[in-house]
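# A closer look at the structure
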Amino acid sequence: MSEPYTSNTITPLFSAGAIEKRVSEIGKAIANDFALVTPECPLLLIAVLKGAFIFAADLLRTITIPCCIDFVHASSYGSEKTSSGSVSIKHNLTITDRHLLIVEDIIDTGLTMQQITAELLTMKPASLGICTLLDKPEARKHPVDITYTGFMVPDTFIVGYGIDYNEHYRELPFLGVLNS
Ligand code: 5GP
């Protein structure tokens, strides 16, 4: 069972309605930008587990062009709120000559995304874009070329809408700052 949510523990940042509106806008932009993909070679969303699973599921349903989804598992945070500084990536993807769009929850230092893109590019996709729900530009140490961003956020610890703290709070329909 999840830890109880109170307004003392989490300060709401983006409501469920605001997220739904923004996700739909991004879905429309993606459908527009990839209008030339065909059912024979659909756009491939690659969602980064676990944090992006709700975002990716909602985004997928707003995209009106031929589209598939697959997953990579990346972990950089342990039980604390700071990155461990090393990223473990697991996947079983075949992506050569495919148009890829990585779907991530948060880009913070940029290390995770740099490592995922470096690994996927070795398999020679036709193109590779990055879509992140949240961007924390103040925390960036490794440059990342982001194609679509949901919201810019300050350098605070965010939970909700699939994003956890110690596996808690993923179920919240909104995004908020976890107060320390
Ligand atoms: P980076 O490698 O860019 O420093 O970190 C990216 C990953 O760290 C994200 O995919 C996410 O899993 C985790 N992360 C970064 N910032 C936050 C945050 O504010 N809240 C949570 N729950 N995870 C975060």
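Preceding this paragraph is the structure being described.
Described in the following lines is the structure provided in the data block. (Residues numbered from 1 in each chain as written. Predicted model: local features only at pLDDT ≥ 70, side-chain atom pairs only at ≥ 80, totals over all residues. Heavy atoms only, no water.)

### Details of the nonpolar core
Put simply, the rule reads: The set of buried Ala, Val, Leu, Ile, Met, Phe, Trp, Tyr and Cys residues whose side-chain atoms join them within 4.5 Å is what this entry labels a nonpolar core. For each residue, the accessible area found with a 1.4 Å probe, counting protein chains only, is set against the maximum for its type, and the residue is called buried under 20%, exposed over 50%, and partly exposed in between. Think of it this way: any DSSP run of H or I at least four residues long counts as a helix, any run of E at least two long counts as a strand, and we number them from the N terminus. Two residues qualify as a contact provided that any one of their heavy atoms is within 4.5 Å of a heavy atom in the partner residue.
Core analysis: the largest hydrophobic core is formed by 30 residues, its most contacted members being Ile30, Phe55, Leu59, Leu133, Leu134 and Leu175. Contributions of two or more residues to this core are made by α1 (16–33), β2 (43–49), α2 (53–60), β5 (99–107), β6 (127–135), β7 (148–152) and β9 (175–178). No other element matches the five residues that α1 contributes to this core. Among residues more than four places away in sequence, those in contact with Leu175 are Pro12, Leu13, Phe14, Ile19, Leu133, Leu134, Ile158, Val159, Gly160, Tyr161 and Ile163. With 18 residues, the next largest nonpolar core counts Leu44, Val72, Leu93 and Met113 among its residues.

### Some words on the pattern of salt bridges
This is how it is decided: Each salt bridge in this description consists of a side-chain nitrogen of Lys or Arg and a carboxyl oxygen of Asp or Glu lying within 4 Å of one another.
Evaluated as defined, the whole model comprises eight salt bridges. With a closest N to O distance of 3.1 Å, Lys21 and Glu25 form a salt bridge. On the criterion of helical spacing, the pair formed by Lys21 and Glu25 is a turn pair, its members being four residues apart in helix α1. Relative accessible area serves as the criterion here: at 56%, Lys21 is assigned to the exposed category.

### Here's the deal with the site of the ligand
Rule in force here: By convention in these notes, a residue is near a molecule or strand provided one of its non-hydrogen atoms lies within 4 Å of it. By the criterion applied in these results, polar contacts are pairs of N or O atoms within 3.5 Å in which, for protein atoms, one can donate a hydrogen and the other can accept it, and in which residues neighboring in sequence qualify only through two side-chain atoms. Where accessible areas are quoted, they stem from the Shrake-Rupley method and a 1.4 Å probe; at the residue level, only the protein chains shown are allowed to cover. Amino acid classes used here: Ala, Val, Leu, Ile, Met, Phe, Trp, Tyr, Cys and Pro are nonpolar; Asp, Glu, Lys and Arg are charged; the rest, including Gly, are polar.
The environment of the ligand is made up of 17 residues, and the closest members are Asp105, Thr109, Thr112, Lys136 and Asp164. Between the ligand and the protein, one listed contact pairs an oxygen atom with a side-chain N or O atom of Glu104 at 3.1 Å. Separating an oxygen atom of the ligand from a side-chain N or O atom of Asp105 is a distance of 2.7 Å. When the ligand sits alone it has 500 Å² of accessible area, and the protein chains cover 92% of it. Residue assignment for the shell around the ligand shows that the elements contributing at least two residues are β3 (67–77), β5 and α3 (111–121). A total of four residues in the shell around the ligand trace back to one element, the largest contributor, which is β5. Of the residues assigned to the shell around the ligand, the class counts are seven nonpolar, five polar and five charged.

### Examining α1
Applied cut-off: Expected helix span is taken as 1.5 Å per residue step, with the number of steps being one fewer than the number of residues. What the arc describes is the spread of directions from the helix axis to the C-beta atoms.
The terminal C-alpha atoms of α1, which comprises 18 residues, lie 26 Å apart, in line with the 26 Å expected from a rise of 1.5 Å per residue. Buried within α1 are the following residues: Ile19, Val23, Ile26, Gly27, Ile30 and Ala31. One face of α1 carries all of its buried residues, which in axial projection span an arc of 135°. Exposed residues on α1 whose side chains face more than 90 degrees from its buried face are Lys21, Lys28 and Asn32.

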